Amino acid sequence: MRTHIVWDWNGTLFHDMEAVLGASNAAFATIGIGPMSLQEYREQYEIPIPRFYERLLGRMPSTEEWLRLDDAFHDHYRELSRACGLTEGVRELMDGWREAGNSQSLLSMYEHDALVPLVETFGLAGGFLRVDGRSGPSGGQKAEHLTRHLAALGERVDPARTVLIGDAADDARAALDAGAHAVLYTGGSHTREKLEPVGVPVVDSLAEAVELAGRIAG
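What this report covers is the structure whose coordinates are included nearby. Everything numeric in this text was worked out from a predicted model, so none of it was measured. (Residues numbered from 1 in each chain as written. Predicted model: local features only at pLDDT ≥ 70, side-chain atom pairs only at ≥ 80, totals over all residues. Heavy atoms only, no water.)

Some remarks on the overall build of the chain
How we decide: Secondary structure elements are taken from DSSP: a helix is a run of H or I of four residues or more, a strand is a run of E of two residues or more, and numbering for both begins at the N terminus. Think of it in three bands: residues with accessible area under 20% of the maximum for their type are buried, residues over 50% are exposed, and the middle band is partly exposed, with areas taken using a 1.4 Å probe on protein chains only. In what follows, residue pairs with any heavy atoms lying within 4.5 Å of each other are defined as contacts. Here, Shrake-Rupley sampling with a 1.4 Å probe gives the accessible areas, and only protein chains in the shown set may cover a residue.
Helix and strand counts for the chain come out as ten helices and eight strands. If one aligns the C-alpha atoms of the chain with their principal axes, the spans along those axes are about 50 × 35 × 30 Å. Here the chain holds 218 residues, and the buried ones make up 51% of them. Excluding contacts between residues fewer than 6 apart, the proportion of contacts in the chain whose partners are at least 24 apart in sequence is 65%. As displayed, the chain offers around 9,800 Å² of accessible surface, 50% of which is attributable to carbon and sulfur atoms.

Quick look at the pattern of salt bridges
Put simply, the test is: By salt bridge we mean one thing: a side-chain nitrogen of Lys or Arg within 4 Å of a carboxyl oxygen of Asp or Glu.
Counted under the stated rule, the structure contains 14 salt bridges. Arg68 is the partner of Glu64 in a salt bridge, and the nearest nitrogen-oxygen pair spans 3.2 Å. Here Glu64 and its partner Arg68 are both found in helix H4 (residues 63-80), four residues apart, which amounts to about one turn of the helix. Accessibility expressed as a relative area gives 56% for Glu64, which makes it exposed. Ionic pairing is found between Asp75 and Arg78, a salt bridge with its closest N-O pair at 2.6 Å. With Asp75 and Arg78 both in helix H4 and three residues apart, this pair spans about one turn of that helix. A residue is classified by how much of its surface remains accessible, and Asp75, at 44% relative accessible area, is partly exposed. Looking at Arg78, the relative accessible area reads 42%, which means it is partly exposed.

Observations concerning the pairing of strand S6 (residues 162-166)
In summary, the side chains of a regular strand alternate between the two faces of the sheet. Operational definition: Pairing between strands requires that DSSP locate at least two bridges from one strand to the other. Orient the strands so they point away from the viewer, and a crossover whose first-strand-to-second-strand path over the helix runs clockwise is right-handed.
Judged by how many residues are buried, S6 sits mostly within the fold: five of five residues are covered. When strand S1 (residues 4-7) meets S6, the two strands line up parallel, connected through four bridges. Residue pairing across strands places His4 opposite Thr162, the latter belonging to S6. Relative to strand S7 (residues 181-185), S6 runs parallel, the two sharing four bridges. Paired with Ile165 across the bridge in S7 is Val183. What joins S6 to S7 is helix H8 (residues 169-177), and the crossover it makes is right-handed.

A look at the environment of Ser24
Applicable threshold: Polar contact is defined as a pair of N or O atoms within 3.5 Å, subject to the rule that within protein one atom must be able to donate a hydrogen and the other to accept it, and that residues adjacent in sequence are counted only when both atoms are side-chain atoms.
With respect to the helices, strands and loops of the structure, Ser24 is situated in helix H1 (residues 17-29). Measuring from C-alpha to C-alpha, the distance between Ser24 and Tyr53 comes to 10 Å, with 29 residues separating the pair along the chain. Sequence-distant contacts of Ser24, that is, excluding residues within four places in its chain, are made with Tyr41 and Phe73. In this structure the side chain of Ser24 is engaged in a polar contact, spanning 2.8 Å, whose partner is the backbone oxygen of Val20.

Quick look at the packing of aromatic side chains
Stated precisely, the cut-off is as follows: Ring pairs shown here join Phe, Tyr and Trp side chains whose ring centres sit within 6.5 Å, with only the six-membered ring taken for Trp; geometry is labelled stacked below 30 degrees between planes, edge-to-face above 60, and tilted in between.
This model, assessed by the stated rule, comprises twelve aromatic pairs. With a centroid separation of 5.8 Å and an interplanar angle of 55°, the aromatic rings of Tyr53 and Trp66 are classed as tilted. Highlighted residues: Tyr53 in helix H3 (residues 49-57) and Trp66 in helix H4, separated in sequence by 13 residues. With relative accessibility at 17%, the residue Trp66 sits in the buried group. Chaining the aromatic ring pairs together yields one cluster made of Phe28, Tyr41, Tyr45, Phe52, Tyr53 and Trp66.

Points about the pairing of strand S4 (residues 103-111)
For S4, a buried count of seven out of nine residues is recorded, marking the element as mostly surrounded by other parts of the structure. Taken together, the four bridges between S1 and S4 define a ladder with parallel strand orientation. Bridge pairing in S4 places His4 opposite Ser103. Sheet topology note: the S4/strand S5 (residues 131-134) ladder contains three bridges and is parallel. In the strand pairing of S5, Glu111 is matched with Arg134. This β-α-β element, S4 to helix H6 (residues 112-121) to S5, shows right-handed connectivity.

Following this line, the structure appears as structure tokens:
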């Protein structure tokens, strides 16, 4: 069976941290939290997202505050993300992985109906066995979504020969829960200092991540 990569989208294949920061600062303003720099954001960010807001507020946001934050973030993100592109080298890495006889899929916590046309805009959809975005409310964790994603891939993919490449500690926890491997990339939402305690390989480029994926699960 082929070695399989499950790619994360936001902050991994899609280089959108400036949009995420801008949308987050706009959301913070709705409940009186001051703006953050990108470094401050990456040092503080946490999944599930309500816990991130709890850290900033010093308490868990109320239901009303959470809805206000979530709506403001997504409204601004949709606008700001239009200026974002793929992480450097993504097309070549995906092509090389496929040409080596391996497979890949995409799993994101970005809303499914928004994710699919965006992936298609970049011409990447044909390179994946499957593309899944989030269904249901935002703010949750990836583990249950990965379980469903792997189940839908069925016999085409062996979790033991699967590597999830993402930018968040939550990506690694989801992979380990599913019996898969993980490699974490420092170019997205988390600093290296926040990723290393999870106990999986941490790399500074997607090229390193793909090379490691081949060694870990090949």
